[in-house]
Structure formats: structure tokens, C-alpha cells
Amino acid sequence: MAYFPENVIDRVRDSVNIVDVVSRYVSLKKSGRNYMGLCPFHKEKTPSFSVHPEKQIFHCFGCGVGGNVFKFLMEYERISFPEAVRQLAREAGIDLPEVQEKKQERSEADRLYEANQVAALFYHRMLREAPAEVQTYLRKRGLKKQTLEFFQIGYAPDEWDGLLKYIRHFGYSEEVYQKAGLLLRSERTGNLYDRFRHRLMFPIHNPSGRVVAFGGRTLREEPDAPKYINSPETAVYQKSRVLYGLHAAREAIRSSGRILVVEGYMDVLQLHQAGIKNVVATSGTALTEQHAQLMRRYASRVVLCYDSDTAGVKAAIRGGEVLFLNNLDVSVLLLPAGEDPDSYVRQHGADAFMNLLDEAREYLDFRLAYYRQHFQLDRAADRSAVVGELVEMLAQLRDPIKTEVYLEQIGHGLKLSESLVRNQLKSRQRAARRRLRRDRPRAQELNQSPGQQPPVPERVILQGAWGAERDLLVLLINHYAQLKEVIRSYVQEEHFLNPEFREAYRLILSESLPRDDAHTLLHHLLEKLDSPVVARLLTERLFEEIRNPEKYLQDCIQQMRIAWHRSEIERRKMRLRRAEAEAGEPDTTLLKEIQAHMQALRRWQQGFQAPMEGEEER
């Protein structure tokens, strides 16, 4: 792991605003002094993820994860602390004087990010040197130089070892490029070769703009060659969780409150080039529940802009249902026959496309229209099948108000009584509950749950007055200069019954942490704590304002000392029982110690007071 001087880490942390960083991944709304949004670390419908702009920390009150801006990047990007520092330093233009670095200790994610970035630079440089046919293709598709630069579009040379020679020349590890799927090993010869050859390369970025994978479009029309191939999934790339173009669309999505979803990379590029920037696409897969959760962090409205061919219609039905069931306001726009967003914008312009968006149909209305067109609804069998499909979908909704509206819409659209559709819905819901009861034991046996649950945080067994221990630490962080002497007078490390809190207390009082102000002290502590549980508990409590800290501190100290004396009494009683069993008579020394602790306990129970003579030694 690379080591950076503390003052440099402070400078990097102070150069960014946690609200701005988190907003790349989560749509935040002001709520009092803080900002709230849907947690990116677990599935939820009601926002429980909070960012504190003054203290520059975050905390999810649903799954418990919390920390500062470095911790957020580490959790979301799955990178190490040094890499999080590097990423923010690059953005802030801060040079990092690394004292030491052991590359073998870098995380796999760190190495994959670096490999993908090196490959992106190589492919992009190769595009400038690409053959005339490639340049002709780009002109034909109407892509401007600025668009190619912004999205880092590249070209994989028509060679078996173009990238391989490049990474060997600079001495990069071939192993990580294999893990990234950029190099393959021949089963016949055992030699490495490039996965992408003579293809237009589309780097796929995560929300923060880091390259995680590639899509490659063939430039040679061959019957057996797939039109597109994508990178395989890795530690930094899961296609069911990535949306192409999201890094470029974030701000436009927030300002418009709407996401446009198209089918291809070219569609994204052409719309963005035309000034329609709130557009994304999936990456070689259909829309998933994870995509829906990702979208909900940025906007509540989604428009699917698909081709009107059979494949496009089916994709709109399947994908629209996924989004619909994840509480998104979904509409569908099927483009005129033979058109896709790319061709339509090039031929008719951005204004015509935006006007076309006004014709997008709300998802359920679109689906009813599809059934009317493709089914003979005057036939009982067809109408029953349609009702069955729609009711099966509605049975999965958890919003009773929306369910009522949709029941009415289905009844009206299919010319059926609402009560009939409602009875069908209740029947499906009962069947679903029976399936859930039947499947739950099996899910438990496999140590799985029927649905996605918040991640289970690391657990510690908290004992004694752990809430008072936590709050004393919070008070010490927030008011170190005012409270340190009184705390040191009454509380020693041994008075913490929880070793995790004891370690935090030792760190705060040690000379290793700067204590110029509460902000600096807090962040240095969060970065040095070994226990993520304590970090979560502290960040959660730091979101609350403790009024009258001096009086509250007295309560904390009193509770801690009472709990400690009780613990000491119980420990000595156990030792006394063992001693009696072994020696046949009580240990008088232990009896005196128990009596002393009981007297001290009674004094502390009567209220906060200065310790009696000799009390501070215990």
C-alpha cells in the first residue's frame, strides 16, 4: 500500500466536497442541514442515505455503512484507501509524493482500473492512426471529433498482438490484462493475443468516469463475426449494473429529472452530440433490477427509446416491466419503422426528436396497446391470457395507490369490470404468498433470502453502557479542547468495556492524531480505525446534535463508571467462586475488592461526583 503524508491526505480531502462526489452516484436532495438519497449500497424504496456537508461524512440509516469521502469511494468503487486518495488527488490536480509503494499489495480493482485506462489511451491513439476505411466509417456515421474525444472512442488495430506489443513495450503485467479480458490465451499454441481486433472501441465508464470495460464494433462485415463484442465481467465490471454513458449524462439527468434509455452505443453518442445528454444504454444485456435501482438514484422518470421492430418491442415490454416494478415512472417511445435514435437525429435533428418524445406512452398504456394490436381480444382465451399477464405483473407491486389506478386502467382498456380484475389480482397475490411460504425454508437452507436484503454489517457484541461509550467519543471529537481534561480525569481506557471503543479512545488521546479542530480529528480517526462497526456507529451519532454537551457528558461518564464497576464485581465474583471450589475457603482479598467496588458503585449511582480517594486507580 502506498503511504502518503498526513498533510497531503488532509489537503486532498479538503479539496473536495463530499456532496459533489456522492452526487455522481446518488441523486441527493436537501433535507434540513443534510442531503438525502437512495442508498447505493443496498436496495431501498425510501431514502435513508444521508450526507452531512458540514462534517463531510455520510451514513446510511438502513444498512449502516458510513464514513468520509475516501470511505465512500472505497465502498462504491471497491478500491483501496490509497487509490481513493489518488483518484481525488487527480481530480483536484494535487501531486502525491509517495514515500513507498508495494504494487503487489494493490487491490485487484486498482490494477483493473489501470489496465483499462492504459488500453483506452492506446485504442484512442490508434484511432488517430487508423486506416482510411475507419475514418470514412466515422464520417458516414456523422460523429464529430469532439464527441470522439469526449467519449474516448478508439480503434483496435487489425493485428493479433497490437495491444500486447504495447503493454510489453512499457513493461505492464500481462496477467491483469488477461483478467480484464483484453488479452486471451490460445488453447492451441498457448500464446497470448488481443481480444479486440479491427473494431471501433467504445470504452465503458462507471459513474465517476473510470473505464471499466469495452464494447467493440466490427468494421469488417463477415457472416460469422459478431457485430459487437464486450469485455467479460470482472471485479469492476458487471454488465447488469453498468449503464453506458451515465458518467456523461448525470448532470443532464438531474436537471431534466428524466433518463432516456436507448439500445446502442451509437445512439448515445449521436444524441449527446445533438445536445440531448440525459441518455444512457445498457451494455450487452437486457435491463435488470440492478439497472433500475441505479436509475432511481438519479431520477424517477424513464423513457425507453427503442426501434419499432419485433426485437425493440419485446425489449420495451421486458425492460419496461423491470423498471415499472421498481417504482419508476416508465414511458415507451417506439421510433418510426426503420429508424433508431442515431439515424432519426441525423436525419431530422434534435428538435424533431424532442417533439417525438412527447408521444411516448405510459408503460401500462403502451402494453395495453400492444395487446390490442397483437391479440384478438374479442376471443375469451386471448383476453384471459392478457389479463393473466397484467395481473401477474401487478401482483408484484407494493404501492397500493398505484395498484388501484392500474386496476382501473386495465379494466377500462380491456372492457372488463374492475371487480373482476381485482378478484384475479387477489387470487394471484394469494398464490404468490403460498409460493413465498413454500420457498422460504429452502432459501434459508441455502443461506439465501427470497429478495435482496441490505448487506449484513460486520457484527461485534456490544456490552455494558456501549451507547455512553460511543457518545463520550462523539463529545470528545466535537469538543476536544473544552472536554479533554474532565474526560481524562474520570475516564481511563480500562473503563471502556468494548475493546473497539477503547481503541478509538486511545487513538484520540494519542499523539498520532492531529487535533487542530473537530473536523480534522474526526477524519483522521475514521481513516485509522480498524473497526468498521465503530466507524458506522460514530458516523450515525455524528448526524445528531447533542445539546448541552457538558451535562450530557456527565451522564455518559456516570453510566460508563456504573457499568464498569458492575463488570468488575461480576469478574471478581466468578474468581471468588473458582477460588472457593479449589481452596475450600473464600479469598479475603477478592472479598475486600468486591466490597470496595460495591461502595463505589453506590456512590456513582447517586449521581456524578468527583472520585473518592483511591477511586481513580481502579
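Everything discussed here concerns the structure shown above.
What this report covers is the structure whose coordinates are included nearby. (Residues numbered from 1 in each chain as written. Predicted model: local features only at pLDDT ≥ 70, side-chain atom pairs only at ≥ 80, totals over all residues. Heavy atoms only, no water.)

A word on the sheet that holds strand β14 (residues 279-282). Here we have 6 strands laid out as an open sheet, ordered β12-β14-β13-β15-β16-β17, and mixed in their pairing. Each edge of the open sheet carries a strand with a single partner, namely β12 (243-244) and β17 (361-362). As paired elements, strand β15 (residues 301-306) and strand β16 (residues 329-334) share 6 bridges and run parallel to each other. When the bridges of β16 are listed, L304 appears paired with V332. Relative to β14, helix α10 (residues 246-256) is tilted by about 130 degrees, and along the sheet it contacts β12, β13 (258-262), β14 and β15. (Pairing = 2+ DSSP bridges. Helix = DSSP H or I, 4+ residues; strand = E, 2+ residues; numbered from the N terminus. Contact = heavy atoms within 4.5 Å. Axes fitted to C-alpha atoms, helices over the stretch in contact; angles between N-to-C directions.)

This part takes up the packing of helix α22 (residues 499-509) against helix α23 (residues 518-528). One can describe the packing of α22 onto α23 by two numbers: an axis separation of 11 Å at closest approach and a directional angle of 130 degrees. The orientation of α22 with respect to α23, classified from their angle, is oblique. Two packed elements cross with a definite hand, and for α22 against α23 that hand is right-handed. Here α22 contributes A504, L507 and I508 to the contact with α23, which in turn contributes L521, L525 and K528. Each residue belonging to the contact of α22 with α23 can be placed in one class, and the counts come to 5 nonpolar, no polar and 1 charged. (Parallel < 35°, antiparallel > 145°, perpendicular 65-115°, else oblique. Left-handed = near helix turned anticlockwise from the far one by under 90°. Nonpolar A, V, L, I, M, F, W, Y, C, P; charged D, E, K, R; others polar.)

What follows is about the nonpolar core. Judged by nonpolar contacts, the single largest core of 144 residues is most densely connected at F49, Y123, Y244 and F353. A total of 11 residues in this core trace back to one element, the largest contributor, which is helix α5 (residues 108-128). Y244 has contacts with F151, I153, F202, P203, I204, Y265, V268, L269, V279, V280 and A281, leaving out every residue within four places of it along the chain. (Core = buried A, V, L, I, M, F, W, Y, C linked by side-chain atoms within 4.5 Å. Buried < 20%, exposed > 50% of the residue type's maximum accessible area, 1.4 Å probe, protein only.)

Across the sheet, 5 strands lie side by side as β1-β2-β3-β4-β5; this open sheet has antiparallel pairing. The open sheet is flanked by β1 (29-31) and β5 (66-67), the only strands paired with a single partner. Where helix α24 (residues 532-542) meets the sheet, it contacts β3 (49-52), β4 (57-60) and β5, and its direction lies at approximately 100 degrees from that of β4.

Let's shift gears to the pairing of β13. Counting buried residues in β13 gives 5 out of 5 residues, a clear majority hidden from the surface. In terms of strand pairing, β13 meets β15 through 4 bridges, oriented parallel. Residue pairing in the sheet places R258 in a bridge with R301 of β15. As a crossover connection, the stretch from β13 through helix α11 (residues 265-273) into β14 is right-handed. (Right-handed = clockwise from strand over helix to strand, strands pointing away.)

If the charged atoms of two oppositely charged side chains come close together, the side chains can form a pair. Per the counting criterion, the structure on display carries 32 salt bridges. Note that R24 is salt-bridged to E91, the shortest N-O span being 2.5 Å. One end of the pair, R24, is in the loop between α2 (18-22) and β1; the other, E91, is in helix α4 (residues 81-92), with 67 residues separating them in the sequence. Accessibility expressed as a relative area gives 15% for R24, which makes it buried. Of the charged contacts in the structure, one is a salt bridge between R361 and D365, with a shortest N-O distance of 3.3 Å. Residue D365 is classed as partly exposed on the basis of its relative accessible area of 27%. (Salt bridge = Lys/Arg side-chain N within 4 Å of Asp/Glu carboxyl O.)

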